[in-house]
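Observations on chain architecture
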Amino acid sequence: MIIVSDKAKERILELRKEEGRTENENIRVSVKGGGCSGLMYDLGFDATVVDSDHVFEDKGVKILVDRKSLLYLAGTVLEFSDGLNGKGFQFVNPNASRTCGCGESFSV
C-alpha cells in the first residue's frame, strides 16, 4: 500500500485541476531503472488500469502501481514539500537502503 500525505493530496488535486484532467485520471507510481542510485521513481496521471495493476486509495486519491513496482514501493508514503530545500513530490520509502541527494532515485 502507498500512503498519501495531506499536502500531497492537496497538490495532486491542484495539478489535476490546473492540467484540466478528469477524475478518471488516477496517479500512477512506478519504479524504473536509472538515476544515480540505480532505481528511480516515476509519477504521473493515467486513466488506464490494466489487469496486473494494484489499485490503492488513500484520502480519496486512487493510486495505480504495476506488479513489479509494488515490490519496491510497499509501505511508501507520498509526500509533497514546498519548502526552501526544494519543491516537489517526495517518496518516503522504507524499502530503500540508500537514496540520492535529490531524492529521485534509490537502491534496495
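Residues numbered from 1 in each chain as written. Predicted model: local features only at pLDDT ≥ 70, side-chain atom pairs only at ≥ 80, totals over all residues. Heavy atoms only, no water.

Going by what an unreviewed UniProt entry lists, the protein chain is known as Iron-sulfur cluster assembly protein and is assigned to Algoriphagus alkaliphilus.

**Observations concerning the nonpolar core**
If you look at the biggest cluster of nonpolar residues, it comprises 20 residues, and the most contacted ones within it are Ile-12, Val-29, Ile-63, Val-65 and Leu-73. Taken together, the elements giving at least two residues each to this core come down to helix H1 (6–18), strand S2 (26–33), strand S3 (39–46), strand S5 (61–65), helix H2 (67–73) and strand S6 (77–83). Contacts of Val-29, omitting those with residues within four sequence positions, involve Ile-2, Asp-42, Leu-43, Ile-63, Leu-64, Val-65, Asp-66, Ser-69, Leu-73 and Phe-91. (Core = buried A, V, L, I, M, F, W, Y, C linked by side-chain atoms within 4.5 Å. Buried < 20%, exposed > 50% of the residue type's maximum accessible area, 1.4 Å probe, protein only. Helix = DSSP H or I, 4+ residues; strand = E, 2+ residues; numbered from the N terminus. Contact = heavy atoms within 4.5 Å.)

**Some points on the pairing of S5**
Of all 5 residues that make up S5, 4 are buried, and the element is covered over most of its length. Of the pairings in the sheet, the one linking S2 to S5 comprises 2 bridges and is parallel in character. Counted as the bridge partner of Arg-28 is Leu-64 from S5. Here strand S4 (residues 54–58) runs beside S5; their pairing, made up of 5 bridges, is antiparallel. Among the inter-strand pairings, Glu-57 is bridged to a residue of S5, identified as Lys-62. Hairpin geometry of S4 and S5 is characterised by an intervening segment of 2 residues between the two adjacent antiparallel strands and by a positive phi of about 55° at Lys-59. (Pairing = 2+ DSSP bridges.)

**Some remarks on the pattern of salt bridges**
In the structure shown here, the tally under the stated rule is 9 salt bridges. With its nearest N and O atoms 2.7 Å apart, the salt bridge here joins Arg-28 to Asp-53. One end of the pair, Arg-28, is in strand S2; the other, Asp-53, is in the loop between S3 and S4, and 25 residues separate them in sequence. Under the relative-accessibility criterion, Asp-53 is labelled buried at 10%. As a salt-bridge pair, Lys-32 and Asp-42 come within 3.8 Å of each other at their nearest N and O atoms. Residue Lys-32 is located in strand S2, and its partner Asp-42 is located in strand S3; the two are separated by 10 residues in the primary sequence. (Salt bridge = Lys/Arg side-chain N within 4 Å of Asp/Glu carboxyl O.)

**A look at the side chain of Asn-93**
By the secondary structure assignment, Asn-93 is in the loop between strand S7 (86–92) and strand S8 (98–99). Within polar-contact distance, the side chain of Asn-93 engages the backbone oxygen of Tyr-72 at 2.9 Å. Among the polar contacts made by the side chain of Asn-93, one reaches the side chain of Thr-76 at a distance of 3.4 Å. (Polar contact = N/O pair within 3.5 Å; in protein donor to acceptor, adjacent residues only side chain to side chain.)

**Examining H1**
Taking 1.5 Å of rise per residue, 13 residues should cover 18 Å, and H1 covers 18 Å from first to last C-alpha, within 8% of that figure. For H1, the set of buried residues is Ala-8, Arg-11, Ile-12, Leu-15 and Arg-16. Looking straight down H1, one finds its buried side chains confined to an arc of 140°; they lie on one side. Across from the buried face of H1, at angles greater than 90 degrees, the exposed residues are Lys-17 and Glu-18. (Expected span 1.5 Å × (residues − 1). Arc of directions from axis to C-beta.)

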